[in-house]
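Each chain, written out:
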Amino acid sequence: MTDKPESSDIRDVIREEKSRGKRRVDTKALELTRHRLKVLREALMNSRTEREFVEAIRELGFGDDPEKLREALKIWRSSFSR
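The sections below set out a description of the structure shown in this document. Bear in mind the structure is a predicted one, so any value in this text is a computation, not a measurement.

A tally of regular secondary structure across the chain gives four helices and zero strands. Mapped in sequence order, the helices and strands of the chain form the string α-α-α-α. The 82 residues of the chain split such that 18% are buried. Put simply, 25% of the contacts in the chain that link residues at least 6 apart link residues at least 24 apart.

Right, here's the structure in full:
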């Protein structure tokens, strides 16, 4: 599928229509989650050191919660412990 704005809108409407009668689908929340995952994935792949990774996620506002920071570092360390 193309990533044109109108095709994204169409997909959102289709998703909402499929969920009719079920739990509502919050397409804005899904899009925000996808964006955050993309940004974190980029930080994970482009950081050469732990310090660079921490700086990247703090710039994005994800490093404010110590528990979440600890979990992110755990993931980063496991991906580079070869």
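Following the structure, the description resumes.
The terminal C-alpha atoms of helix H4 (residues 66-79), which comprises 14 residues, lie 20 Å apart, in line with the 20 Å expected from a rise of 1.5 Å per residue. All of the buried residues in H4 are Leu69, Ala72, Leu73 and Trp76. One side of H4 holds all its buried residues, which, seen down the axis, span an arc of 100°. What points out from H4, more than 90 degrees from its buried face, is the exposed set Arg70, Lys74 and Ser78. Looking at the buried positions of H4, the neighbouring elements they touch are helix H2 (27-46) and helix H3 (50-59).

The next point concerns H2. Since one α-helical turn is 3.6 residues long, residues separated by three or four positions face the same way. Its 20 residues give H2 an end-to-end C-alpha distance of 28 Å, which sits within 8% of 28 Å, the value for a rise of 1.5 Å per residue. Every buried residue belonging to H2 is among Thr27, Val39, Ala43 and Leu44, and all of these are buried.

What follows covers the pattern of salt bridges. It is possible for side chains of opposite charge to pair when their charged atoms get near one another. All told, the structure shown has four salt bridges when counted by the stated rule. The salt bridge involving Glu50 is made with Arg77; its shortest N-O contact spans 2.9 Å. Pair noted here: Glu50 is in helix H3 and Arg77 is in helix H4, with a separation of 27 residues, a long-range link.

Among the secondary structure elements, Thr27 is positioned in helix H2. Residue classification places Thr27 among the buried residues on the basis of a relative accessible area of 12%. Excluding residues within four positions of it along the chain, Thr27 makes contact with Asp12, Arg15 and Glu16.

On to the layout of surface pockets. Quantified by volume, the largest pocket comes out at close to 300 Å³. Looking at the lining of the largest pocket, the elements with two or more residues in it are H2, H3 and H4. Residue classes in the lining of the largest pocket are distributed as eight nonpolar, one polar and four charged.

The rules behind the values
Residues numbered from 1 in each chain as written. Predicted model: local features only at pLDDT ≥ 70, side-chain atom pairs only at ≥ 80, totals over all residues. Heavy atoms only, no water. Helix = DSSP H or I, 4+ residues; strand = E, 2+ residues; numbered from the N terminus. Buried < 20%, exposed > 50% of the residue type's maximum accessible area, 1.4 Å probe, protein only. Contact = heavy atoms within 4.5 Å. Expected span 1.5 Å × (residues − 1). Arc of directions from axis to C-beta. Salt bridge = Lys/Arg side-chain N within 4 Å of Asp/Glu carboxyl O. 1 Å grid on protein atoms, 1.4 Å probe; cavity = no way out; pocket = protein on both sides within 12 Å on 5 of 7 lines; lining within 4 Å. Points joined across faces, edges and corners; volume = space filled by probe spheres on them. Nonpolar A, V, L, I, M, F, W, Y, C, P; charged D, E, K, R; others polar.

Coordinates in, geometry out; function isn't part of it.
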